[in-house]
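What follows is each chain in one-letter form.
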There are 2 protein chains.
Amino acid sequence: MTNIVLKVRGMSCNHCVNSIEGALKEIGAEGKVDLGDETVAVVFDENQLTLDAVKEAIEDQGYDVA
Amino acid sequence: MTNIVLKVRGMSCNHCVNSIEGALKEIGAEGKVDLGDETVAVVFDENQLTLDAVKEAIEDQGYDVA
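Conventions used here
- Sequence positions are assigned chain by chain, starting from 1 and proceeding in written order.
- Whichever chain is written first is A, and whichever ligand is written first is 1; the rest continue in order.
- Local features in a predicted model are, by the rule used here, given only for residues with pLDDT of at least 70; side-chain atom pairs are given and counted only at 80 or more, and totals for whole chains, interfaces and linings are based on all residues.
- Hydrogens are left out, water is left out, and the side-chain values use all remaining heavy atoms of the structure.
- Two strands qualify as a pair provided DSSP detects at least 2 bridges between them.
- Numbering goes from the N terminus for both helices and strands, where a helix is a DSSP run of H or I of at least four residues and a strand is a run of E of at least two.
- Contacts are residue-level and defined by heavy atoms, with any inter-residue pair within 4.5 Å sufficient.
- Only the stretch in contact is used when fitting a helix axis, every axis being a line fitted to C-alpha atoms; angles between N-to-C directions are given from 0 to 180 degrees.
- Our superposition of the copies is a least-squares fit, built on the C-alpha atoms of residues whose pLDDT is at least 70 in both.
- Only protein chains enter the calculation, and the probe is 1.4 Å; a residue is then buried if its accessible area is under 20% of its type maximum, exposed if over 50%, and partly exposed in between.

1. Side note on the sheet that holds strand E2 (residues 30-34) of chain B
Residue and element names in this part refer to chain B. Read from one edge of the open sheet, four strands run E2-E3-E1-E4, paired in antiparallel fashion. Each edge of the open sheet carries a strand with a single partner, namely E2 and strand E4 (64-65). Taken together, the six bridges between strand E1 (residues 2-9) and strand E3 (residues 39-44) define a ladder with antiparallel strand orientation. When the bridges of E3 are listed, Ile 4 appears paired with Val 42. In the packing of helix H1 (residues 14-26) onto the sheet, the strands contacted are E1, E2 and E3, and the crossing angle to E2 comes to about 160°. Strand contacts of helix H2 (residues 51-59): E1, E3 and E4, with the helix running at about 35° to E1, the strand carrying the most contacts.

2. Topic: the relation of the copies chain A and chain B
When chain A is fitted to chain B, the best match, at an RMSD of 0.0 Å, comes from turning it 180° and sliding it 0.0 Å along the axis. Those values place the two copies in the arrangement expected of a two-fold rotation axis. Counting the interface residues of chain A, we find that 100% of their copies in chain B are interface residues as well, pointing to one common contact surface.

3. A look at the side chain of Ser 19 of chain A
Along the chain, Ser 19 of chain A turns up in helix H1 (residues 14-26). A relative accessible area of 15% means that Ser 19 of chain A is categorised as buried. In this structure, Ser 19 of chain A is in contact with Gln 61 and Tyr 63 of chain A together with His 15 of chain B, ignoring residues within four places of it in sequence.

And the structure:
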């Protein structure tokens, strides 16, 4: 399993938390948003998913991954 | 019809806009959120709805009506 912490811009409220964590869950990853730090901690299986796919799932929700 | 502009705190993004405008639509009112001004302009039929019901619909989404 891979553990990464991504810097993500534009997350402002619990709706944002739910949309990002939900999108990650849909692709089989587990995400935890920290609004204060503007980060998303993601755990995923590198045999199933690429980091690019993880970033894309977040960006598709309308946020910028640094 | 009644037109009012309410000051609402806690609205931060498009998810918030959709949740508030959607909740107002559900009770038969029409709302337009202005994130910059932190206001919600609402049009409703005073024979069908009370101002309290309008405020409650917004508060039920997790926002404070001033």
